[in-house]
Amino acid sequence: MRYFVKFHDGCQAKNKAQSTALEIMSTYGSVLLSSDTALANIVSDMKSVIEKVNIANRRCGDISFSSYIKHDGRSNTVNISDICSFSFYPVLSDLIVPEDETEYEKFNPQTENVFNF
């Protein structure tokens, strides 16, 4: 199954560790994952990044990491303390948007008058 990764901002970062984590984590948003394996890999990578940020910033409080991944295609989330979270939405189908309106009618015949304004 493929997944779309949605990044959600949380509370404002309070220290250097949270700022660093937020900056890195924001790069994971708005991507398309090609498989369940890719989902597992990105979650593992996120956890690894948070662990490294915690080690590099010992004076700051630890940033928590929690993941809720279900293989039924629902409730796939990752929470990074209060600073951000991710939702992993299953991709159910592709929408074909052709370059010109004549091709559009080939792909979507039920909307033949869509370009007549």
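Scoring rules and cut-offs
- Residues numbered from 1 in each chain as written.
- Predicted model: local features only at pLDDT ≥ 70, side-chain atom pairs only at ≥ 80, totals over all residues.
- Heavy atoms only, no water.
- Helix = DSSP H or I, 4+ residues; strand = E, 2+ residues; numbered from the N terminus.
- Expected span 1.5 Å × (residues − 1).
- Buried < 20%, exposed > 50% of the residue type's maximum accessible area, 1.4 Å probe, protein only.
- Arc of directions from axis to C-beta.
- Contact = heavy atoms within 4.5 Å.
- Polar contact = N/O pair within 3.5 Å; in protein donor to acceptor, adjacent residues only side chain to side chain.
- Salt bridge = Lys/Arg side-chain N within 4 Å of Asp/Glu carboxyl O.

A. Layout of helix H2 (residues 36-56). For H2, with 21 residues, the first-to-last C-alpha span of 30 Å sits near the 30 Å given by 1.5 Å per residue. Those residues of H2 not exposed but buried are Ala38, Leu39, Ile42, Val43, Met46, Val49, Ile50, Val53 and Asn54. The arc enclosing the buried residues of H2, seen along the axis, measures out at 155°, which places them on a common side. Exposed residues pointing more than 90 degrees away from the buried face of H2 are listed as Thr37, Lys52, Ile55 and Ala56. The inward-facing, buried residues of H2 abut strand S1 (3-9), helix H1 (16-25), strand S2 (31-33), strand S3 (65-68), strand S4 (77-80) and strand S5 (84-90). Looking at where H2 begins, the residue whose side-chain oxygen comes 3.4 Å from the main-chain nitrogen of Thr37 is Ser35.

B. Summary view of the environment of Met25. Position of Met25 relative to the elements: it lies in helix H1. For Met25 and Cys84, which are 59 residues apart along the polypeptide, the C-alpha to C-alpha distance reads 8.0 Å. For Met25, the contacting residues outside a window of four places in its chain are Phe7, Met46, Val49, Ile50, Ile80, Cys84 and Phe86.

C. The arrangement of the pattern of salt bridges in detail. All told, the structure shown has one salt bridge when counted by the stated rule. The closest approach of N and O atoms between Asp94 and Arg2, which form a salt bridge, is 2.9 Å. Placement of Asp94 in the loop between S5 and helix H3 (101-107) and of Arg2 in the segment before S1 is noted, with a sequence separation of 92 residues between them. Residue Asp94 is classed as exposed on the basis of its relative accessible area of 56%.

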